[in-house]
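Topology and contacts: notes
Chain residues, written in single-letter form:
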Amino acid sequence: QVQLVEYGGGLVQAGGSLRLSCTKSGGTYSAYAMGWFRRAPTKEREFVADIKWNSGKTTYANSVKGRFTISRDNAKNTVFLQLNSLQPEDTAVYYCGADYYGSDDYDYWGQGTQVTVSS
């Protein structure tokens, strides 16, 4: 059984930075891609960024492009999300997901980590 555990959320002032990490355990094969999503209060979950595990190709939502960076450590089965120039509208629960089949329908999810940005 695949498990994803996120770390690194917290409270930060506008303009500040945080680094999230997500470590995958279990499963026989590497995921096709791993990604970060977020859900703000009263809003639906939205895509933030993903990374193809083998190629390292990254994709970002327009709202975070140039501010957030996704990366991975293959040996540690860990994906990172560096959040810079944070704004209050970035406040959300951030979730890590694993897409095993390349369908963009993520198969496994972490429990989420809260990011709160104060103005």
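This report concerns the structure included in the present document. (Residues numbered from 1 in each chain as written. Predicted model: local features only at pLDDT ≥ 70, side-chain atom pairs only at ≥ 80, totals over all residues. Heavy atoms only, no water.)

Some words on the nonpolar core
Counting residues in hydrophobic clusters, the biggest one holds 30 residues, and the most contacted among them are Met 34, Trp 36, Val 79, Leu 81 and Tyr 94. Of all the secondary structure elements, the ones that give two or more residues to this core are β3 (18–25), β4 (33–39), β5 (46–52), β7 (68–73), β8 (78–83), β9 (92–99) and β11 (113–118). With four residues, β9 is the single largest residue contributor to this core. Not counting chain neighbours up to four residues away, the residues in contact with Leu 81 comprise Leu 18, Arg 19, Leu 20, Trp 36, Val 48, Ala 49, Phe 68, Thr 69, Ile 70 and Tyr 94. (Core = buried A, V, L, I, M, F, W, Y, C linked by side-chain atoms within 4.5 Å. Buried < 20%, exposed > 50% of the residue type's maximum accessible area, 1.4 Å probe, protein only. Helix = DSSP H or I, 4+ residues; strand = E, 2+ residues; numbered from the N terminus. Contact = heavy atoms within 4.5 Å.)

Digging into the state of the cysteines
Covalent bonding between the sulfur atoms of two cysteines is what defines a disulfide. According to the stated counting rule, one finds one disulfide in the structure shown. Here Cys 22 is linked by a disulfide to Cys 96, with a sulfur-sulfur distance of 2.1 Å. For the disulfide bridge between Cys 22 and Cys 96, the dihedral angle about the S-S bond is near -75 degrees, and by the sign convention the bridge is left-handed. Of the two residues, Cys 22 is situated in strand β3 and Cys 96 in strand β9; the sequence distance between them amounts to 74 residues. (Disulfide = S-S within 2.5 Å.)

As for the sheet that holds β8
With respect to topology, four strands assemble into an open sheet ordered β1-β3-β8-β7, the strand pairing being antiparallel. The open sheet is flanked by β1 (3–7) and β7, the only strands paired with a single partner. Between one strand and the next, the sheet's axes are offset by a mean angle of 15 degrees, whatever the strand orientation. Both β3 and β8 contribute to a ladder of six bridges, which runs antiparallel. Note on β8: the bridge partner recorded for Leu 20 is Leu 81. (Pairing = 2+ DSSP bridges. Axes fitted to C-alpha atoms, helices over the stretch in contact; angles between N-to-C directions.)

Quick look at the packing of aromatic side chains
Any two aromatic rings considered together are summarised by their centre-to-centre distance and by the angle between their planes. Enumeration over the complete set of coordinates arrives at five aromatic pairs. Relative to Trp 109, the ring of Phe 37 has its centre 5.0 Å away and its plane inclined at 70 degrees; by these criteria the two rings are edge-to-face. With Phe 37 in strand β4 and Trp 109 in strand β10 (residues 108–109), this pair connects stretches of sequence that are 72 residues apart. Overall, Trp 109 belongs to the partly exposed group, its relative accessible area being 30%. Each ring, one from Tyr 100 and one from Tyr 108, has its centre 5.6 Å from the other, and the planes form 80 degrees; the classification is edge-to-face. In this structure Tyr 100 comes out as buried when scored by relative accessible area, which is 17%. Among the residues examined, Tyr 108 registers a relative accessible area of 27% and is labelled partly exposed. Among the aromatic residues, those joined into a cluster by ring pairs are Phe 37, Phe 47, Tyr 106 and Trp 109. For Arg 19, the ring lying beneath its charged end belongs to Phe 80, and the centroid distance is 4.0 Å. Note that Arg 45 overlies the ring of Trp 109, its terminal NZ or CZ placed 4.1 Å from the centroid. (Phe/Tyr/Trp six-rings, centres within 6.5 Å; stacked < 30°, edge-to-face > 60°. Lys NZ or Arg CZ within 6 Å of the ring centre and 35° of its normal.)

Some details on the pairing of β3
Here β1 runs beside β3; their pairing, made up of five bridges, is antiparallel. Along β3, the bridge assignment pairs Leu 4 with Lys 24.

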